[in-house]
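Coordinate inspection notes
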Amino acid sequence: MMSLNVFAQKIPVNYDESKMPSFTLPDPLVLPNGKPIKSKDVWEKAGRPAVLKLFAENVYGVNPFSGAVKIASEVKTVNENALNGKAISKQITLRFPEISPTLTLDILLYLPKNVKQAPVFVSLNFTGNHTATHEKDVFVTEKWVNSGFDKTFVNNRATDASRGIAERRWPMEAIVARGYAVATAYYGDLEADHNEGWKTGLRSVLTPEQREKWSAIGVWAWSMSRMVDYLIKNESLIDGQKVIALGHSRIGKATLWAAAEDPRFAMVISNDSGEGGAALSRRWIGETVEHLNTQFPHWFCANYKKYNKAVAELPVDSHELLGLMAPRPLYVASATEDIWADPKGEFLGAVEAEKVYQLYKKTGLGTNTMPMPNSPVGKTIGYHIREGKHDILLYDWQQYMNFADKHFEIK
Ligand code: GCU
């Protein structure tokens, strides 16, 4: 998405494993007082909350909204004959009257027909709901969009011509055909993805201190949890025990954080989330913490910048983020040409998360050998590296549905 070369000129980029300094990963199974964690009870009571707090304070930011959030929902359209008659589609607008009179989060929901209670993928999109499908009744987003993302965007606004431009990432018919629902919303609804995006978004209602302590990724993760609030309360055709958090790239980072904070996500999928997501930050390969903070200063909390040139001092690393998903099924995916995201670092993050899964007597990946392209591996943690570019394609979705079928025991 971003030009790798332009960026690479500014901060050194390394792709050579032999040039990478060695490092030691923090041990997720040691408490802040130095005592080892040997049981899931100690992990849940003390270890997990400590790791979660470290991520909030140093990486993704502290969510200032505690407790339940009041949501007003309005179902704007229902189409009983969506996707060539295979699905019901709905568009729902969520508002947050106790927070702001203007903020809206627009959900596009596809429900498979003839499934009493469907598992649902909750997943934000990069370019507006109307870009995930050609279906004409889907509203074109009126929010700020990144003109650099597509030539159909004019002056940071989407146009009718951008309908369906991201369809390859949203194989809706194939998904509903397998009995899964999809709920998507534009990631920029509650914070536009630029340095001043907070001014018109959710963080505009905060004090400067709260705002700095939180982050755009924190806001995007928050939106995913609000989607879950709505879905489990209002949509009887959805199985609230089978809500899957899924996200690609920067949204993959937000997805991992959403699922770390919100246990209602019963399964978690990181697609090419890279640095600041599933990839180990301590590996000096591809994107680094400094790259992230330089190009996208709004993504993470202010404290994260302290580690620009001191990654060894970061008190956590990605394997611990992935460990926060335990014992829930977790899938991490990479792509062969996505070297900026450090596929091996994503794989090793998943390998190292296994320790936490073992507290629950679960096998994570069950291997530390990186598989060949297009050859999924793993047990409670799944992994594949797809041949090709940084993207999320039908192949990826198929693996996620196979994984979900297995763990949700769907025949
Ligand atoms: C950039 C960024 C990555 C991010 C990606 C994306 O390449 O450096 O961290 O994951 O954009 O969101 O597509």
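Predicted, not measured: the structure shown is a model, and the values here were computed from it.

**With respect to the overall build of the protein**
Tallying secondary structure elements over the protein gives eleven helices and ten strands in all. In terms of C-alpha radius of gyration, the protein reaches 20 Å, essentially the compact-globule figure of 22 Å for 411 residues. Its C-alpha atoms give the protein principal-axis dimensions of roughly 55 × 45 × 40 Å. A burial count over the protein gives 58% of its 411 residues as buried. The contacts in the protein between residues at least 6 apart in sequence include a share of 69% that link residues at least 24 apart. Only carbon and sulfur atoms are counted for the fraction: they give 52% of the accessible area of the protein, which is about 16,800 Å². Positive and negative side-chain charges in the protein, numbering 48 and 46 respectively, have mean positions lying 3 Å apart.

**A few points about the packing of helix H6 (residues 216–234) against helix H7 (residues 250–261)**
At a minimum axis distance of 8 Å, the contact between H6 and H7 shows a crossing angle of 60°. Relative to H7, the element H6 is oriented oblique. Pair H6 / H7 crosses with right-handed handedness. Residues Ile217, Gly218, Trp220, Ala221 and Met224 of H6 pack against Lys253, Ala254, Thr255, Trp257 and Ala258 of H7.

**Examining the site of the ligand**
Among the twelve residues in the neighbourhood of the ligand, the closest are listed as Ser249, Arg250, Lys253, Glu287 and Trp340. A distance of 2.9 Å separates an oxygen atom of the ligand from a polar side-chain atom of Trp340. With the chains in place, 96% of the 320 Å² that the ligand exposes on its own is no longer accessible.

**Some thoughts on the packing of aromatic side chains**
Counted under the stated rule, the structure contains 19 aromatic pairs. Both rings, one in Tyr331 and one in Phe403, keep their centres 5.0 Å apart while their planes meet at 85°; by these two values the pair is edge-to-face. Pair noted here: Tyr331 is in strand E8 (residues 330–335) and Phe403 is in helix H11 (residues 394–407), with a separation of 72 residues, a long-range link. Taken together, Phe126, Phe149, Tyr186, Tyr187, Trp220, Phe296 and Trp299 form an aromatic cluster joined through their ring pairs. Note that Arg169 overlies the ring of Phe126, its terminal NZ or CZ placed 5.3 Å from the centroid. The ring of Trp198 has Arg211 lying over it, and the distance from NZ or CZ to the ring centre is 3.6 Å.

**Observations concerning the sheet that holds strand E5 (residues 181–186)**
Taken together, ten strands build an open sheet; the order of strands is E1-E2-E3-E5-E4-E6-E7-E8-E10-E9 and the sheet is mixed. If you trace the sheet from one side to the other, it starts and ends with strand E1 (72–81) and strand E9 (377–378), each paired once. The sheet contact formed by strand E6 (residues 238–248) and strand E7 (residues 267–271) spans five bridges and is parallel. Paired with Ile244 across the bridge in E7 is Met267. Each of strand E4 (118–125), E6, E7 and E8 is contacted by H7, which is oriented at about 140° to E6, the strand it contacts most. Of the strands in this sheet, E4, E6, E7, E8, E9 and strand E10 (381–386) touch H11, which is tilted by about 165° from E10.

**Describing the confidence of the model for the protein**
On average, residues of the protein carry a pLDDT of 97, and 98% of them reach 70 or more. Low pLDDT, under 50, characterises residues 1–5; the predicted model gives this stretch nine contacts beyond four residues in sequence or across chains. The complex prediction reports pTM at 0.98, with the ipTM value standing at 0.98.

**Points about H11**
In this model, H11 (14 residues) spans 20 Å end to end at C-alpha, consistent with the 20 Å of a helix rising 1.5 Å per residue. If you check which residues of H11 are buried, you get Asp396, Trp397, Gln399, Tyr400, Met401, Phe403, Ala404 and Asp405. Along its buried surface, H11 packs onto E4, helix H4 (172–177), E6, E7, E8 and E10.

**Here's the deal with the pairing of E5**
A large share of E5 lies buried, amounting to six of its six residues. Side chains Ala181, Ala183 and Ala185 of E5 all project onto a buried face; the interleaved residues Val182, Thr184 and Tyr186 project onto the opposite face, where all are buried too. Looking at chain direction, E4 and E5 are connected through six bridges and run parallel. Across the sheet, residue Val122 finds its bridge partner in E5, namely Ala183. Handedness of the crossover joining E4 and E5 through H4: right-handed.

**A short note on the pattern of salt bridges**
Within this structure, the stated rule accounts for 26 salt bridges. Measuring nitrogen to oxygen at the nearest pair gives 3.9 Å for the salt bridge that ties Asp16 to Lys19. Judged by relative accessible area, Asp16 falls into the partly exposed class, the value being 30%. Put simply, Glu196 and Lys199 hold a salt bridge, and the shortest N to O gap is 3.2 Å. Its relative accessible area of 45% is what places Glu196 among the partly exposed residues. A single salt-bridge network, built from bridges that share partners, covers Glu17, Arg283, Asp342 and Lys344.

**Quick word on the environment of Gly382**
Tracing the sequence through the fold places Gly382 in strand E10. Taking the C-alpha atoms as reference points, Gly382 and Leu246, separated by 136 residues in sequence, lie 13 Å from one another. In contact with Gly382, not counting residues within four places along its chain, are Leu330, Tyr331, Val332, Leu365, Val377 and Phe403.

Thresholds applied
- Residues numbered from 1 in each chain as written.
- Predicted model: local features only at pLDDT ≥ 70, side-chain atom pairs only at ≥ 80, totals over all residues.
- Heavy atoms only, no water.
- Helix = DSSP H or I, 4+ residues; strand = E, 2+ residues; numbered from the N terminus.
- Rg over C-alpha atoms; globule rule 2.2 N^0.38 Å.
- Buried < 20%, exposed > 50% of the residue type's maximum accessible area, 1.4 Å probe, protein only.
- Contact = heavy atoms within 4.5 Å.
- Areas by Shrake-Rupley, 256 points an atom, 1.4 Å probe, with all protein chains shown as cover.
- Lys, Arg positive; Asp, Glu negative; His and termini not counted.
- Charge placed at Lys NZ, Arg CZ, Asp CG, Glu CD.
- Axes fitted to C-alpha atoms, helices over the stretch in contact; angles between N-to-C directions.
- Parallel < 35°, antiparallel > 145°, perpendicular 65-115°, else oblique.
- Left-handed = near helix turned anticlockwise from the far one by under 90°.
- Near = heavy atom within 4 Å.
- Polar contact = N/O pair within 3.5 Å; in protein donor to acceptor, adjacent residues only side chain to side chain.
- Phe/Tyr/Trp six-rings, centres within 6.5 Å; stacked < 30°, edge-to-face > 60°.
- Lys NZ or Arg CZ within 6 Å of the ring centre and 35° of its normal.
- Pairing = 2+ DSSP bridges.
- pLDDT = per-residue confidence, 0-100.
- Expected span 1.5 Å × (residues − 1).
- Right-handed = clockwise from strand over helix to strand, strands pointing away.
- Salt bridge = Lys/Arg side-chain N within 4 Å of Asp/Glu carboxyl O.

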